[in-house]
Amino acid sequence: MKIRISNHAIKAYKNRILLNEAIDEKQIINQIKEIFKQARYISDNKNGILFRDDNLMIEYIVKNKCIVTIYPIRRNSGNNGKNIR
């Protein structure tokens, strides 16, 4: 499947995943396309389709064959979302 990547997704990948803004944009696009191949479908709604790569702990939102955002999955602290004191 041919997929596009939004500028927002490129910036999010640089800032949230790589934590490095010095990498060339073409390299980032190729990296995103390559790692997206491993992602699996999770769900969809009016905002787009949610894909997840459990190995890399990354989620993607895709809309109209375009990755609109990428973000890291928060690690579960083991307390089922409850604040334990």
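Look above for the structure.
A.B. asks: How should I be thinking about the packing of helix H1 (residues 7–18) against helix H2 (residues 25–36) in this particular structure?
C.D. replies: Packed helices, taken two at a time, are described by the angle their axes make and the gap between the axes. Close contact between H1 and H2 brings their axes to 10 Å; oriented N to C, the two are set at 85 degrees. By the angle class used here, H1 and H2 are roughly perpendicular. Of the residues in H2, those touching H1 at Asn7, Ala9, Ile10, Tyr13, Lys14 and Leu18 are Glu25, Ile28, Ile29, Gln31, Ile32 and Ile35. Here the residues of the contact of H1 with H2 sort into eight nonpolar, two polar and two charged.

A.B. asks: Hey, could you run me through the packing of aromatic side chains in this one?
C.D. replies: The description of an aromatic ring pair rests on the distance of the ring centres and on the angle between the ring planes. Applying the stated criterion across every chain yields a total of three aromatic pairs. For the pair Phe36 and Tyr60, a centre-to-centre distance of 5.1 Å together with 85 degrees between the ring planes defines the contact as edge-to-face. Of this pair, Phe36 sits in helix H2 while Tyr60 sits in strand S4 (residues 58–63); the two residues are 24 residues apart in sequence, bridging distant segments of the chain. Geometrically, the ring pair formed by Tyr41 and Phe51 is edge-to-face, given 6.4 Å between the ring centres and 80 degrees between the ring planes. One end of the pair, Tyr41, is in strand S2 (residues 40–45); the other, Phe51, is in strand S3 (residues 48–53), and ten residues separate them in sequence. For Phe51, a relative accessible area of 14% translates into the label buried. Joined through ring pairs, the aromatic side chains of Phe36, Tyr41, Phe51 and Tyr60 make up one cluster.

A.B. asks: Looking at this structure, I do not really get the side chain of Ser6. What am I missing?
C.D. replies: If you trace the backbone, Ser6 turns up in the loop between strand S1 (4–5) and H1. A polar contact of 3.0 Å, which involves the side chain of Ser6, links it to the backbone nitrogen of Ala9. When sequence neighbours within four positions are dropped, the list of residues in contact with Ser6 reads Cys66, Ile67 and Val68.

A.B. asks: Which parts of the structure should I look at to understand H1?
C.D. replies: Each α-helix winds once per 3.6 residues, and so residues spaced three or four apart point in a common direction. Look at H1: 15 Å from first C-alpha to last across twelve residues, which is about the 16 Å you get at 1.5 Å a residue. Backbone geometry just after H1 places Leu19 at a positive phi near 55 degrees.

A.B. asks: Explain the pairing of S3 to me, please; I cannot follow it from the model alone.
C.D. replies: Remark: a regular strand shows side chains that alternate across the two faces of the sheet. Of the pairings in the sheet, the one linking S2 to S3 comprises five bridges and is antiparallel in character. Within the sheet, the bridge partner assigned to Arg40 lies in S3 and is Arg52. In textbook terms, the turn of a hairpin is the stretch between consecutive antiparallel strands, and for S2 and S3 this stretch comprises two residues. In this structure, S3 lies alongside S4, joined through five bridges in antiparallel fashion. Counted as the bridge partner of Arg52 is Glu59 from S4. Counting the residues between successive antiparallel strands, the hairpin from S3 to S4 contains four residues, one of them, Met57, with a positive phi of roughly 60 degrees.

So, how was this worked out
Every residue gets a number counted from 1 within its own chain, in the order that chain's sequence is written. Reporting of local features is limited, given that this is a predicted model, to residues whose pLDDT is at least 70; pairs of side-chain atoms are given and counted only at 80 or more, and all residues count toward the totals for whole chains, interfaces and linings. For the side-chain quantities, the full set of heavy atoms in the structure was used; hydrogens and water were omitted. Every axis in this analysis is a line fitted to C-alpha atoms, fitted for helices over the stretch in contact. Angles between the N-to-C directions lie between 0 and 180 degrees. In this text, helices come from DSSP runs of H or I with a minimum length of four residues, and strands from runs of E with a minimum of two, each type numbered from the N-terminal end. Here the angle decides the label: under 35 degrees means roughly parallel, over 145 means roughly antiparallel, 65 to 115 means roughly perpendicular, and every other value means oblique. Should any heavy atoms of two residues lie within 4.5 Å, those residues are counted as being in contact. Polarity classes work like this: nonpolar for Ala, Val, Leu, Ile, Met, Phe, Trp, Tyr, Cys and Pro, charged for Asp, Glu, Lys and Arg, and polar for all others, with Gly in that last group. Here a Phe, Tyr or Trp ring, Trp counted by its six-membered ring, pairs with any other such ring whose centre lies within 6.5 Å, and the pair is stacked when the planes are under 30 degrees apart, edge-to-face when over 60, and tilted otherwise. Any residue under 20% of the maximum accessible area for its type is buried, any over 50% is exposed, and the rest in between are partly exposed; the area is computed with a 1.4 Å probe on protein chains only. In protein, a polar contact requires one atom able to donate a hydrogen and another able to accept it; more generally it is a pair of N or O atoms within 3.5 Å, and residues adjacent in sequence count only if both atoms are side-chain atoms. The span expected for a helix works out to 1.5 Å for each residue beyond the first. Criterion used throughout: strands pair if DSSP finds at least two bridges between them.

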